[in-house]
Amino acid sequence: GAVVSQHPSWVICKSGTSVKIECRSLDFQATTMFWYRQFPKQSLMLMATSNEGSKATYEQGVEKDKFLINHASLTLSTLTVTSAHPEDSSFYICSASRQTGTPTDTQYFGPGTRLTVL
Amino acid sequence: AQSVAQPEDQVNVAEGNPLTVKCTYSVSGNPYLFWYVQYPNRGLQFLLKYITGDNLVKGSYGFEAEFNKSQTSFHLKKPSALVSDSALYFCAVRALTSGGSYIPTFGRGTSLIVHP
């Protein structure tokens, strides 16, 4: 149990276009979802936290208008990279938790999406 | 601000030997500590967590970790390494921030290489 999927697994797009990444919890209801960026040989950088039905909370330095997050249901969250540029190329990973705001709940991670912007 | 340090970028160990992947943390308050493993081009998989209670925590695939409050460490260990354990390991901490939330903070990761 506790499987999280992401789609697409990889995407290549032209500069200036928008890309949507989906994160789904397949066998549980995810009250909270997290979105991360991971650079080569570096740690995961938390971008934002989203709770179902409410606006996402963005970390400092993350542009809200550039990285649009929607968490419309308990099983789906989407990240849209608007007007993508080459510097947005990265590995994007989502994770999901059953509970909200509980520090001890386990995060279940998706397999990640490799975004390459030409 | 909370932080996690994994002082070794890479750990090399022979198959069958014990392994240790180090992690130290800095938080203001009680820490909730986690270990995850990441295989190439895959997401992170949960290994184990420390919440409270026994300092020695046992997790998946024979891994265990010991919480040491005085040394602010949470090292990952396994008595006998397998080649299939070769992967990237992340330590993470969640603690109450000044903003009142429990944001997860990850270390930079340690690449474990187990040689046959």
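Higher on the page you've got the structure.
An account of the accompanying structure is given in this report. Remember, it's a predicted structure, so these values are computed and weren't measured experimentally.

## What to know about the packing of aromatic side chains
In this description, a pair of aromatic rings is defined by centroid distance and the angle of the planes. All names here are of chain A. A full pass over the atoms with the stated rule returns 14 aromatic pairs over all chains. For the ring pair phenylalanine 34 and tyrosine 36, a centre distance of 6.4 Å and an interplane angle of 35 degrees mean the geometry is tilted. Of the residues examined, phenylalanine 34 reaches a relative accessible area of 2% and is grouped as buried. Among the residues examined, tyrosine 36 registers a relative accessible area of 0% and is labelled buried.

## Concerning the pattern of salt bridges
Tallied over the entire structure, the rule returns 6 salt bridges over all chains. One salt bridge connects arginine 24 of chain A with glutamate 22 of chain A, and the closest N-O pair in it is separated by 3.4 Å. Since its relative accessible area comes to 34%, arginine 24 of chain A is described here as partly exposed. Between lysine 58 of chain B and glutamate 64 of chain B there is a salt bridge whose closest N-O contact spans 2.9 Å. Judged by its relative accessible area of 62%, lysine 58 of chain B is exposed. With a relative accessible area of 18%, glutamate 64 of chain B lands in the buried category.

## Considerations on the interface of chain B and chain A
Interface size is often expressed as the accessible area that is lost when the parts come together. With 20 residues of chain B at the interface, the matching set in chain A holds 23 residues. Ranking the residues of chain B by area buried against chain A places Leu44, Arg94 and Phe106 of chain B at the top, with a combined share of 29%. Linking chain B with chain A are 1 salt bridge, by the criterion used here. Across the pair arginine 94 of chain B and aspartate 105 of chain A runs a salt bridge, and its minimum N-O distance is 3.4 Å.

## Observations concerning the state of the cysteines
This structure, assessed with the given rule, holds 2 disulfides over all chains. A sulfur-sulfur distance of 1.9 Å marks the disulfide that ties cysteine 23 of chain A to cysteine 94 of chain A. Between cysteine 23 of chain A and cysteine 94 of chain A the sulfur-sulfur dihedral comes to about 75 degrees; the bridge is accordingly right-handed. Taken as a pair, cysteine 23 of chain A in strand β3 (residues 19-25) and cysteine 94 of chain A in strand β9 (residues 90-97) lie far apart in primary sequence, 71 residues in all. With a relative accessible area of 0%, cysteine 23 of chain A lands in the buried category. One disulfide in the model links cysteine 23 of chain B with cysteine 91 of chain B; its S-S distance is 2.0 Å. Negative torsions about the S-S bond denote left-handed disulfides, and the value of about -65 degrees found for cysteine 23 of chain B with cysteine 91 of chain B makes this one left-handed. Note that cysteine 23 of chain B is positioned in the loop between β3 (19-21) and β4 (24-26) and cysteine 91 of chain B in strand β10 (residues 87-96), a separation of 68 residues in sequence.

## What to know about the environment of threonine 116 of chain A
Residue and element names in this part refer to chain A. One can find threonine 116 in strand β11 (residues 113-117). For threonine 116, a relative accessible area of 30% translates into the label partly exposed. Put simply, threonine 116 and valine 11 are 105 residues apart on the chain and 6.3 Å apart in space, counted from C-alpha to C-alpha.

## A word on the sheet that holds strand β1 (residues 4-7) of chain A
Either a parallel or an antiparallel arrangement is found when strands of a sheet pair, and the pairing is made through backbone hydrogen bonds. Residues and elements named next belong to chain A. Reading across from one edge, β1-β3-β8-β7 is the order of the 4 strands in this open sheet, with antiparallel pairing throughout. This sheet does not close on itself; its edge strands, each paired only once, are β1 and β7 (67-73). Mean inter-strand twist for the sheet, computed between neighbouring axes without regard to direction, equals 15 degrees. As paired elements, β3 and strand β8 (residues 76-81) share 6 bridges and run antiparallel to each other. Counterpart to valine 19 in the pairing with β8 is valine 81.

## Section: the side chain of threonine 78 of chain A
All names here are of chain A. Looking at the secondary structure, you find threonine 78 in strand β8. When its relative accessible area of 10% is taken as the criterion, threonine 78 is described as buried. Not counting residues within four places of it along the chain, the set of residues in contact with threonine 78 comprises Lys20, Ile21, Glu22, Trp35, Leu68, Ile69 and Asn70.

Calculation rules
- Residues numbered from 1 in each chain as written.
- Chains lettered and ligands numbered in written order.
- Predicted model: local features only at pLDDT ≥ 70, side-chain atom pairs only at ≥ 80, totals over all residues.
- Heavy atoms only, no water.
- Phe/Tyr/Trp six-rings, centres within 6.5 Å; stacked < 30°, edge-to-face > 60°.
- Buried < 20%, exposed > 50% of the residue type's maximum accessible area, 1.4 Å probe, protein only.
- Salt bridge = Lys/Arg side-chain N within 4 Å of Asp/Glu carboxyl O.
- Contact = heavy atoms within 4.5 Å.
- Buried area = accessible area lost by both parts, 1.4 Å probe.
- Disulfide = S-S within 2.5 Å.
- Helix = DSSP H or I, 4+ residues; strand = E, 2+ residues; numbered from the N terminus.
- Pairing = 2+ DSSP bridges.
- Axes fitted to C-alpha atoms, helices over the stretch in contact; angles between N-to-C directions.

Distances and angles like these do not, on their own, reveal function.
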